[in-house]
Amino acid sequence: MNGDVLVKATVWVLSLVLALVFISLGVGKLAGFDAQVSRYQSWGMSAWDISALGALEFAGGVGLLIPRVALVGALLLSLEMAVLAMVHFSFEEPQFVTRALVLMFMLLGISYLRVTRMTLNGQN
């Protein structure tokens, strides 16, 4: 039983940390902060594309905090991070590739733990 409490606490702590990361990234893109927007514009993305990406990050971050949609939010954000890692790789930005992959694996870890907990709780 203590293991279940530890897993639940780990999922919530990771979800909270990642939610804060993605909410802040999303707000930065939606508000048009230069630090957030300039790199995406250098890749040829339009203001609309950047806003859509910001909305996805914001919604995914909020979704991580809502149990019913947390799995979907984590999976969408992990897909975004996989695509972003490929974009960083194509623009020869290895430090950002690593960051995107770390975030992706953290999100996939949360997804795995949530699915495992749902499966275990459903069998009881």
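Please read these numbers as outputs of a predicted model, since none were measured by experiment. (Residues numbered from 1 in each chain as written. Predicted model: local features only at pLDDT ≥ 70, side-chain atom pairs only at ≥ 80, totals over all residues. Heavy atoms only, no water.)

Caption draft 1: Layout of the nonpolar core. Grouped together as the largest cluster of nonpolar side chains are 21 residues, with contacts concentrated most on Leu18, Phe22, Tyr40, Leu64, Met81 and Leu107. Where this core is concerned, the elements lending two or more residues are α1 (2-31), α2 (34-42), α3 (47-63), α4 (67-90) and α5 (94-123). Per-element tally for this core: the top contributor is α5, with six residues. Filtering out sequence-adjacent residues up to four positions away, Phe22 remains in contact with Glu57, Phe58, Gly61, Leu77, Met81, Leu103 and Leu107. (Core = buried A, V, L, I, M, F, W, Y, C linked by side-chain atoms within 4.5 Å. Buried < 20%, exposed > 50% of the residue type's maximum accessible area, 1.4 Å probe, protein only. Helix = DSSP H or I, 4+ residues; strand = E, 2+ residues; numbered from the N terminus. Contact = heavy atoms within 4.5 Å.)

Caption draft 2: Representation of a nonpolar patch on the surface within the structure. A surface patch of nonpolar side chains, amounting to about 900 Å² of accessible area, comprises Trp12, Leu16, Leu20, Val27, Leu30, Phe33, Phe58, Val62, Leu65, Ile66 and Val69. Put simply, the parts of the chain that give the nonpolar patch at least two residues each are α1 and α3. As for its position among the elements, Val27 is in helix α1. (Patch = residues over 30% accessible without salt bridge, like charges linked within 9 Å, V, L, I, M, F, W, Y side chains within 5 Å. Areas by Shrake-Rupley, 256 points an atom, 1.4 Å probe, with all protein chains shown as cover. Salt bridge = Lys/Arg side-chain N within 4 Å of Asp/Glu carboxyl O.)

Caption draft 3: Examining the environment of Val83 more closely. Inspection of the secondary structure puts Val83 in helix α4. Here the alpha-carbon distance between Val83 and Ala100, two residues 17 residues apart in the chain, equals 8.9 Å.

Caption draft 4: Broad picture of the pattern of salt bridges. The final tally for this structure, using the stated rule, is two salt bridges. Among the salt bridges present, the one from Lys29 reaches Glu57, with a minimum N-O distance of 2.9 Å. Of this pair, Lys29 sits in helix α1 while Glu57 sits in helix α3, placing them 28 residues apart in sequence. Glu93 is paired through a salt bridge with Arg39; the nearest N and O atoms lie 3.7 Å apart. Taken as a pair, Glu93 in the loop between α4 and α5 and Arg39 in helix α2 lie far apart in primary sequence, 54 residues in all. Taking relative accessible area as the criterion, Glu93 reaches 16% and is therefore assigned buried. The class of Arg39 is partly exposed, set by a relative accessible area of 27%.

Caption draft 5: How the structure looks around the packing of α3 against α4. Contact pair α3 / α4: the axes reach a minimum separation of 8 Å and the direction vectors enclose 145°. Regarding α3 and α4, the two cross each other, and that crossing is left-handed. Contacts between α3 and α4 involve Leu53, Leu56, Glu57, Gly60, Gly61 and Gly63 on the former and, on the latter, Val69, Ala70, Gly73, Leu77 and Glu80. Split into classes, the residues belonging to the contact of α3 with α4 amount to five nonpolar, four polar and two charged. (Axes fitted to C-alpha atoms, helices over the stretch in contact; angles between N-to-C directions. Left-handed = near helix turned anticlockwise from the far one by under 90°. Nonpolar A, V, L, I, M, F, W, Y, C, P; charged D, E, K, R; others polar.)

By themselves these figures say nothing about function.
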